[in-house]
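# Survey of secondary and tertiary structure
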Amino acid sequence: MNAKGAGAHFGPGDDGTPRRVGQPLDVLLLVFAGVFGLFAVGMIIGGLLLVRSGRRARRRPASPPVAGTPPPQW
């Protein structure tokens, strides 16, 4: 083997590869991230509303039955 070129790419300095500075963002990735983010926020808000309504229902006293209606069958 020829040892003359060994180590030419390794070490300090420019190795000839272009830097990724100023590359445009991928539009599809941004759309996917936006849709996923909105979905996640909607799920969190929906969960908080469900917890809140459940707490409200437990605090509310049971209403008296209306005259003429049969009692609920559990």
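The coordinates are above.
## Re the overall build of the protein
The number of helices and strands found in the protein is one helix and zero strands. Looking at the protein as a whole, 0% of its 74 residues are labelled buried. For the protein, the computed accessible surface area is about 7800 Å², with 67% contributed by carbon and sulfur atoms.

## Let's talk about the packing of aromatic side chains
Taken as a whole and assessed by the stated rule, the structure comprises one aromatic pair. Judged by centre distance (6.4 Å) and plane angle (15°), the rings of F32 and F36 are stacked. A residue pair is termed a helical-turn pair when its members lie 3 or 4 positions apart in one helix, as F32 and F36 do in helix α1 (residues 27-59) at four residues. Exposure remark for F32: the relative accessible area of 58% places this residue in the exposed category.

## Digging into a nonpolar patch on the surface
A surface patch of nonpolar side chains, amounting to about 510 Å² of accessible area, comprises F32, F36, F39 and M43. Summarising the element assignment, F39 is placed in helix α1.

Conventions adopted
Residues numbered from 1 in each chain as written. Predicted model: local features only at pLDDT ≥ 70, side-chain atom pairs only at ≥ 80, totals over all residues. Heavy atoms only, no water. Helix = DSSP H or I, 4+ residues; strand = E, 2+ residues; numbered from the N terminus. Buried < 20%, exposed > 50% of the residue type's maximum accessible area, 1.4 Å probe, protein only. Areas by Shrake-Rupley, 256 points an atom, 1.4 Å probe, with all protein chains shown as cover. Phe/Tyr/Trp six-rings, centres within 6.5 Å; stacked < 30°, edge-to-face > 60°. Patch = residues over 30% accessible without salt bridge, like charges linked within 9 Å, V, L, I, M, F, W, Y side chains within 5 Å. Salt bridge = Lys/Arg side-chain N within 4 Å of Asp/Glu carboxyl O.

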